[in-house]
Amino acid sequence: MEDIEDLLAGGVGGAPPGFRLPLNAVGINPKTNKSKRSSSKQDQITASNRDSLAPPSLKIPGTQTIYIKTFGCSHNQSDSEYMAGQLTAFGYALTEVPEDADLWLINTCTVKSPSQSAMSTLITRGRSGKKPLVIAGCVPQGSRDLKELEGVSVVGVQQIDRVVEIVEETLKGHEVRLLTRKTLPALDLPKVRRNNFIEILPINVGCLGACTYCKTKHARGHLGSYTVDSLVERVRTVISEGVKEIWLSSEDTGAYGRDIGVNLPILLNAIVKELPSDQSTMLRIGMTNPPFILEHLKEIAAVLRHPCVYTFLHVPVQSGSDSVLTAMNREYTASEFRTVVDTLTELVPGMQIATDIICGFPGETDEDFSQTVELIKDYKFPQVHISQFYPRPGTPAAKMKKVQSKIVKQRSRELTSVFEAFAPYTGMEGREERIWITEVATDGIHLVGHTKGYVQVLVTGPESMLGTSAMARITSVGRWSVFGEVIETFSSANRETKSREVTKPPCSSNASTCETCTCSAESCGEERSGGEACNISGNISRQDDHKGTSKKEDEIQQEVVVPRSSVANWGFIDKALVCGVFVSSLTILVLVISIACRVLLR
């Protein structure tokens, strides 16, 4: 089936921006039932009568309930938040219970096979439950002919601004396919954040690399950057709405701007100028590959030293062997990666770096692997995302001679043992650190804050502390986080959320310090944090199991934060409809008066 084309049927001018095309203006496959085509006239009458008695929620667009499941990186999470925001703004309800939904929207990840397998399992489950399905994300964009996608609607990564249209047609029983690439989605679309206090801000899509194992490049494509002005404007907006953490996200943050004549330091310096001087809002720089930050290390170090920027960076190395890096086409050497780490560690006090490793890449020898182990031991990174090699269909690495499975597993276990033996937070006990609190821990007791180095600190306190900053004394340290007690809280001049968009009560992220992207080894949606994929329509991560807010309170809060009656927030269609109703009413009134005059004059 062909992709939907953004053209009016038989027209040449197209539709105005944001205008939702009518059914005959888009290419869709209406689902037909052969038995219905041969049914008798009486059967058709009966069906018509039955439809007239159907509940309004099954007939009126925007009254159904949607379940959204998200796999993958923070960029995918942001896409889901935008899709959820548009659906909610149009009137659809979101649910975290799949069985309660009228339609399932699955946002997929193609980084590794387990993520795609989880998607396939969910699709099978949805079909068994006779749920209409819309599949979004990197899998349909990168593998549009996949067998699992037959008979379901799909929406591409650059078409998320038309999700309402896709959902409407799918609920009518049509199969819709919308994958054609176009301009970047707008940053000011309605958005439902999985955490009220965290804004995931995509700064670009795609990348400039050509890693031999990467499937995401097939989906996200070549580099496409948002302008500095548009990103700065978005930062201003989310700060005014009460956001306390801004995560810059992309497939490769370091490559930002090379397609539009700017670079990452230019963007970062423009953004930090907008951050509140009281440090109430923090910036987290997303995953960056080594090649594109080597020439900007000093400038990036200066930004990382800024009081409102976390001194944390995710830099995937993937292997400590130059021969393996060459086979991966990573475009840097192990020595250049060491230069990145050494320079940032020297220039930025308290610098924390996370990295990724792929074990068992085709052709990896025992010597190659020993060089990787040596690299990890040398730096004792606090976070290492270790992954076994997964051949992805259509990539050059899938055709390379594979390392034996048992050897791959053995190397993965060995490196994991080496990494887990580290004690990265030894020496923090007794120190006082400023933390920014944005999440509820999985135990429902602790709140989760982060130090400037993005070390996770668990403290006790009321949920009213979410979205605040505090001084905490570290009382004990663990392998993955530290525990502390709050000794002082900082008041914020902007605690109220001034949201024009639809938001949910505070929930959490996966404490995801990794970015699963084009060249990152770790799939946030399948192996980290117990293998939980993120569900944007409900409680999403480890701390989202907390159920402290009652359903009634949720409903009240939703009524408060959704200013849907505000004329200032109406879109083009809303205003056009109101004008149409006014003109129609005026026309009817004139006709009535005209008829009355004629009757009286007789």
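Residues numbered from 1 in each chain as written. Predicted model: local features only at pLDDT ≥ 70, side-chain atom pairs only at ≥ 80, totals over all residues. Heavy atoms only, no water.

As named in an unreviewed UniProt entry, the protein chain is Threonylcarbamoyladenosine tRNA methylthiotransferase, taken from Arabidopsis suecica. As stated in UniProt under Catalytic activity (unreviewed entry), the record for the protein chain gives "N(6)-L-threonylcarbamoyladenosine(37) in tRNA + (sulfur carrier)-SH + AH2 + 2 S-adenosyl-L-methionine = 2-methylsulfanyl-N(6)-L-threonylcarbamoyladenosine(37) in tRNA + (sulfur carrier)-H + 5'-deoxyadenosine + L-methionine + A + S-adenosyl-L-homocysteine + 2 H(+)". (UniProt positions renumbered as here; feature names shortened; annotations may be inferred.)

A.B. asks: Account for the UniProt feature "transmembrane region" (unreviewed entry) in the protein chain, with residues named and values stated.
C.D. replies: The feature "transmembrane region" (unreviewed entry), as given by UniProt, occupies residues 581-601 in the numbering adopted here. From the first C-alpha to the last, residues 581-601 spans 30 Å; its make-up is 100% helix and 0% strand. (Helix = DSSP H or I, 4+ residues; strand = E, 2+ residues; numbered from the N terminus.)

A.B. asks: Tell me about the pattern of salt bridges, residues and numbers included.
C.D. replies: In this structure the tally under the stated criterion is 17 salt bridges. As a salt-bridge pair, Glu-199 and Lys-191 come within 3.1 Å of each other at their nearest N and O atoms. As far as burial versus exposure is concerned, Glu-199 and Lys-191 are alike and both buried. Across the pair Arg-236 and Glu-274 runs a salt bridge whose closest N-O atoms are separated by 3.1 Å. Here the residue Arg-236 occupies a position in helix 8 (residues 228-240), and Glu-274 occupies one in the loop between helix 9 (264-272) and strand 12 (282-284), the gap between them amounting to 38 residues. The exposure class assigned to Arg-236 is partly exposed, which follows from its relative accessible area of 40%. Where salt bridges share partners, they join Glu-81, Lys-191, Arg-193, Glu-199, Arg-234 and Glu-241 into one cluster. (Salt bridge = Lys/Arg side-chain N within 4 Å of Asp/Glu carboxyl O. Buried < 20%, exposed > 50% of the residue type's maximum accessible area, 1.4 Å probe, protein only.)

A.B. asks: Just give me the short version of helix 8, but keep the residues and values in it.
C.D. replies: Side chains of residues three or four places apart in an α-helix project in the same direction, reflecting 3.6 residues per turn. The end-to-end C-alpha distance of helix 8 is 19 Å, a good match for the 18 Å that 13 residues give at a rise of 1.5 Å each. For helix 8, every residue scored as buried is listed here: Val-228, Leu-231, Val-232, Arg-234, Val-235, Thr-237, Val-238 and Ile-239. Backbone geometry just after helix 8 places Gly-242 at a positive phi near 95 degrees. (Expected span 1.5 Å × (residues − 1).)

A.B. asks: Give a description of the sheet that holds strand 11 (residues 245-249) that names residues and reports values.
C.D. replies: Read from one edge of the open sheet, three strands run 8-11-12, paired in parallel fashion. On the outer flanks of this sheet lie strand 8 (198-202) and strand 12, each paired with one strand and no other. The mean inter-strand angle of the sheet, taken between neighbouring strand axes irrespective of direction, is 20 degrees. Taken together, the five bridges between strand 8 and strand 11 define a ladder with parallel strand orientation. Residue pairing for strand 11: Glu-199 is matched across the bridge by Ile-246. Its contacts with the sheet put helix 8 on strand 8 and strand 11, and the angle it makes with strand 8 is roughly 170 degrees. (Pairing = 2+ DSSP bridges. Axes fitted to C-alpha atoms, helices over the stretch in contact; angles between N-to-C directions. Contact = heavy atoms within 4.5 Å.)

A.B. asks: Report on unusual backbone geometry, specifying residues and quantitative values.
C.D. replies: Positive phi outside glycine occurs at Asn-329, with the angle close to 60 degrees. Here Asn-329 shows up in the loop between helix 11 (322-328) and helix 12 (334-347). One non-glycine residue, Glu-331, lies in the positive phi region at around 70 degrees. Within the element layout of this structure, Glu-331 appears in the loop between helix 11 and helix 12. Overall, Glu-331 belongs to the partly exposed group, its relative accessible area being 47%.

A.B. asks: So, the packing of helix 8 against helix 9: which residues are in play, and what are the values?
C.D. replies: Two elements in contact, helix 8 and helix 9, have axes whose closest approach is 10 Å; the angle formed by their N-to-C orientations is 30 degrees. Regarding the angle of helix 8 to helix 9, the classification is roughly parallel. Once helix 8 is placed against helix 9, the crossing between them reads as right-handed. Contact residues: helix 8 offers Val-228, Leu-231, Val-232 and Val-235, while helix 9 offers Ile-266, Leu-267, Ala-270 and Ile-271. Here the contact of helix 8 with helix 9 is composed, by residue class, of eight nonpolar, no polar and no charged. (Parallel < 35°, antiparallel > 145°, perpendicular 65-115°, else oblique. Left-handed = near helix turned anticlockwise from the far one by under 90°. Nonpolar A, V, L, I, M, F, W, Y, C, P; charged D, E, K, R; others polar.)

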